[in-house]
Every structure is written in structure tokens, then in C-alpha cells.
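Structure at a glance
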Amino acid sequence: MTRLVWFNGRLVGIEEATISVSTHALHYGTAVFEGIRAYWTAKGRPAIFRLNDHIRRFFVSAKIYRLEIPYTEDEIAEACKMVVRENKLRDAYIRPIAYLATTELGIKAKDRRAGVAVLAKEWGKYLGEAYEKGARVAVSPWRRLPSFSFPTTAKASGHYINSFLAAMDAYEKGFDEAILLDHRGFVSEGTGENLFIVKDQVVYTPPLQASILPGITRDTIITLLRDMGIEVVERDITLGELLAADEAFFTGTAAEVTPVVEVDNIKIGDGRPGPLTRKLQKLYSDVVRGKIDKYEDWLAYV
Ligand code: PPE
């Protein structure tokens, strides 16, 4: 993490940004967060990609979990810019988090005020070499949390206990990442990414009812594909369809567009990143760096 953090309204050194061990969020997972990237652009300054969409999702997540954020959306957006600017970052990963701050033990909380921090760091490729070579993934023995038990549309810290189990299980078995099935057995998503497959020039991705997080990168990719005249279908995908796909890839703020080339040691297509996946990686990277005028509206300059 960088040295300077925005913490409850002030920019402070990271060693000052601490909370009590009896904080509700630590015990019960009652925090919501965002992952946002800023990229260096041709204009000679960084721009934050789809900042307003991330801020909106942050506040919706907080509302669902009854967290009262004592700041406006504009103030948090400004804090995101501030941590990039003041830490003199070029490419950055920004992490706003709002946590239930009461230090009273007990699940029910009378005081629903949230503490808020905005951190930043340099974060290279999320899945390392897999960005180039493609990820080898395992189907997790753990199912995605059903959207009947948790609001999977919220990006809440507690939900990541499920991702953590799946990620560690796959990692310890020697894979780069896990894919989780939903409670019905349909393909859901990665531990921190949405999933797409390509079959016969058509692109498919699981729908919201497959308990996915509605990813902002997912939305970006759907838009870019449709603008390219490529058909995108949101529908349930079976494991068999994934294994028979021509190409597969993950999307996410951290992961960007990462090819998936093997599932449980079975090659997807010819076992190398597919041509459409490559094209989307390049296009996404151009869009976030402000190289394509058409998508300038997605950039918030720092
Ligand atoms: N699904 C999950 C479960 C998820 O965590 C993410 C983001 C996505 C889909 C993609 O969402 P979006 O970033 O809006 O396109 N995961 C974040 C956290 C990664 C982490 O390890 O921490 C991210 O990419 O920032």
C-alpha cells in the first residue's frame, strides 16, 4: 500500500489509519468495498476508469448492508482522485472500504455509522503471467454463495470468505484461479472475476441469477463486443459448455481481460489464448488509457 491514505475525511499516513480490534466489521464481515483502477493516459495524467459507476455500486452495497456512510458520493470520488494524486501514482489500484464501525460486540447494531478509508497501491497483473499465457483454473468444490442467502449484487467483505476458500483450494492444488459453480451447478464466476466463453463467434456470459457480482468490467466488455457487432448472450452456462468452448476469459477491474486456457487440466480450444480474447485485451487496454475517443466518457481525469 502507498504511504498516504484517505481515512475518515483526512489524508493521513498509513500507520495512523487503524481501527479497534472490537470493530463490528472485523468480527462479522460487515464492510463493503470497491476495486477501481487508474491508468496513465496520453494526456500526461492518470484517469480513473468508470469512477462514477464504482462509486454508485459502493453506495448501493452500503445501503443493502445498512451502513451509513457520512460522506457524499462526490466526496468519496474526490478521495479516490486524491490518493492517486498525492501518492504521485501513474497506474494505480484504488480500494475504498466502508466498515461498520461500532465497537459494541453483538450482531445487531444500533449505531450503523460507517468508517471509510480509501487506499491505493500499484498493482500489476492480477493473475501474473496468466495475463499473457492464459490461466489454468480449477472448478471449485465450493459453490458460489446463492443470491437467496446473500445479496450477491453487493460487494461486501463477508462474501469473500467464499472466494477465499475457493482461491486457496485452487492455489494449493497448483492452479492459477478457481471457477465457482452456482448453487444449481451452472457456471457462476471466478473468485474475483466474471467469466465469458466464446463459441462459434457468439459470446456467452452467466446472468445475474447465477449469483455473480454484476461486474463493471463485464459491462464494459459487453458494450465493446456489441459495438464490434458481436452477439453477446447472458444465459446459464453448463460446465460442459465451458469445456467445449472455443475461448474463455475472465474480466474484472484487477484481472482486466485474462484468458482462461485450461479447466481442470482440460484445454479450452487449443489451450492458448484465443483471437477474440487477445483482441479484447488490447481494446480494453486502449480504452482505459484513453486512446479511443468514443469511450472517453468512461474516464475521470485525476
Ligand atoms: N466477481 C467478483 C467476485 C469480484 O470480486 C469482482 C471484482 C468481479 C466479479 C469483477 O467486478 P468488476 O471489477 O466490477 O469488473 N474483484 C475485485 C477484487 C479483487 C481482489 O482480489 O481484491 C477487483 O477486481 O477489483
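Treat the numbers as computed from the prediction; the structure is a model and nothing was measured. Sequence order as written defines residue numbering, which begins from 1 separately in each chain. The predicted nature of this model means local features are confined to residues of pLDDT at least 70 and side-chain atom pairs, given and counted, to a pLDDT of 80 or more, with totals for whole chains, interfaces and linings taken over all residues. Heavy atoms from the whole structure form the basis of all side-chain values; hydrogens and water molecules are not counted.

Turning our eyes to something else, we now look at helix α3 (residues 73–86). Under the DSSP-based scheme used, a helix requires at least four consecutive residues in state H or I and a strand at least two consecutive residues in state E, with every element numbered from the N terminus. Each residue after the first adds 1.5 Å to the expected span of a helix. With 14 residues, α3 extends 20 Å between its outermost C-alpha atoms, agreeing within 8% with the 20 Å of an ideal straight helix rising 1.5 Å per residue. Within α3 the residues assigned to the buried category are Ile76, Ala77, Ala79, Cys80, Val83 and Val84. In a view along the axis of α3, the buried residues occupy a sector of 155°, so they form one face of it. For every residue, the accessible area obtained with a 1.4 Å probe (protein chains only) is divided by the maximum for its type, and the residue is called buried under 20%, exposed over 50%, and partly exposed between those limits. What the arc describes is the spread of directions from the helix axis to the C-beta atoms.

On to the site of the ligand, then. For this description, a residue counts as near a given molecule or strand if any of its non-hydrogen atoms is within 4 Å of it. Contacts to the ligand come from 21 residues, most closely from Tyr93, Tyr126, Tyr160, Thr217 and Thr253. The term polar contact refers here to a pair of N or O atoms within 3.5 Å; inside protein, the definition further demands a hydrogen-donor-capable atom paired with an acceptor-capable atom, and it admits residues adjacent in sequence only when both atoms are side-chain atoms. Residue Tyr126 places a side-chain N or O atom 2.6 Å away from an oxygen atom belonging to the ligand. With respect to the ligand, the side chain of Tyr160 contributes an N or O atom lying 2.4 Å from an oxygen atom. For every accessible area listed, the method is Shrake-Rupley and the probe measures 1.4 Å; residues are considered covered only by the protein chains on display. Here the ligand, which alone exposes 550 Å², has 93% of that area covered by the protein. Using a 1 Å grid laid over the protein atoms alone, points where a 1.4 Å probe fits but cannot get out form a cavity; open sets with protein on both sides within 12 Å along at least 5 of 7 lines form a pocket; any residue with an atom within 4 Å of a point counts as lining. Any molecule with more than half of its atoms within 2 Å of a cavity's or pocket's grid points is counted as sitting in it. Taken atom by atom, the bulk of the ligand overlaps the largest pocket. Broken down by secondary-structure element, the contributors of at least two residues to the shell around the ligand are β6 (92–100) and α6 (216–227). Three classes are used: nonpolar for Ala, Val, Leu, Ile, Met, Phe, Trp, Tyr, Cys and Pro, charged for Asp, Glu, Lys and Arg, and polar for all others, with Gly counted as polar. Grouping the amino acids of the shell around the ligand by side-chain chemistry returns seven nonpolar, eight polar and six charged. Source of the domain bounds: an automatic or database domain assignment. Lining the shell around the ligand are residues from two domains, each supplying at least three of them: domain 1 (4–121) and domain 2 (130–288).

This paragraph deals with the packing of aromatic side chains. Classification of ring pairs uses Phe, Tyr and Trp, with its six-membered ring standing for Trp, and accepts pairs whose centres are within 6.5 Å; under 30 degrees between planes counts as stacked, over 60 as edge-to-face, and the remaining range as tilted. This structure, assessed with the given rule, holds nine aromatic pairs. Consider the rings of Phe49 and Trp298, whose centres lie 5.8 Å apart with planes at 80°: the pair is edge-to-face. Pair noted here: Phe49 is in strand β5 (residues 46–49) and Trp298 is in the loop between α8 (275–288) and β17 (299–301), with a separation of 249 residues, a long-range link. Of the two residues, Phe49 and Trp298, neither departs from the other in class, the shared state being buried. Relative to Trp123, the ring of Tyr93 lies with its centre 4.6 Å away and its plane at 85°, an arrangement referred to as edge-to-face. With Tyr93 in strand β6 and Trp123 in the loop between β7 (114–121) and α4 (130–133), this pair connects stretches of sequence that are 30 residues apart.

Turning next to the domain arrangement of the chain. Splitting the chain by domain gives domain 1 (4–121) and domain 2 (130–288). The gap between the C-alpha centroids of domain 1 and domain 2 is 26 Å. Contacts: residue pairs with any heavy atoms within 4.5 Å of one another. Each partner contributes residues to the interface: domain 1 has 19 residues there, and domain 2 has 22 residues. Throughout, buried area stands for the accessible area (probe radius 1.4 Å) lost by two parts on being put together, summed over both. In total, about 1800 Å² of surface goes out of reach between domain 1 and domain 2, with carbon and sulfur atoms giving 59% of it. Three residues stand out in domain 1 for area buried against domain 2, namely Phe33, Phe49 and Arg57, and they jointly supply 33% of the buried area on that side.

Attention shifts here to the pairing of strand β14 (residues 247–252). Among the six residues of β14, six are classified as buried, and the element is accordingly described as predominantly covered. Burial of the side chains of β14 extends over both faces: Glu247, Phe249 and Thr251 are buried on one face and Ala248, Phe250 and Gly252 on the other. At least two DSSP bridges between two strands are required for those strands to pair. Pairing analysis gives five bridges linking strand β11 (residues 194–199) to β14, with the strands arranged antiparallel. The partner of Val198 across the bridge, within β14, is Glu247. In this sheet, strand β15 (residues 256–263) lies alongside β14 in antiparallel orientation, the contact comprising four bridges. Looking at the pairing, Phe250 lines up with Thr258 of β15.

Before going further, it helps to examine the pairing of β6. Side-chain positions along a regular strand alternate between the two faces of the sheet. Judged by how many residues are buried, β6 sits mostly within the fold: seven of nine residues are covered. As defined by bridge partners, strand β3 (residues 31–33) adjoins β6 across three bridges and the pair is classed as antiparallel. Across the sheet, Val32 pairs through a bridge with Ala98, a residue of β6. Inspection of the sheet shows strand β4 (residues 36–40) paired to β6 by three bridges, in the antiparallel sense. Note on β6: the bridge partner recorded for Arg37 is Tyr93. Bridge analysis of β6 against β7 gives eight bridges, and the strand direction is antiparallel. Bridge pairing links Tyr93 to Lys121 in β7.

Ranked by size, the top nonpolar core spans 31 residues in total, and within it Ile69 and Ile94 carry the most contacts. Looking at this core, the elements with two or more residues in it are β4, α2 (51–64), α3, β6 and β7. The greatest single-element share of this core, amounting to six residues, is contributed by α3. If you look at the next biggest cluster of nonpolar residues, it comprises 24 residues, including Ile221, Ile230, Tyr284 and Leu299. Residues belong to a common nonpolar core when they are buried Ala, Val, Leu, Ile, Met, Phe, Trp, Tyr or Cys residues joined through side-chain atoms within 4.5 Å.

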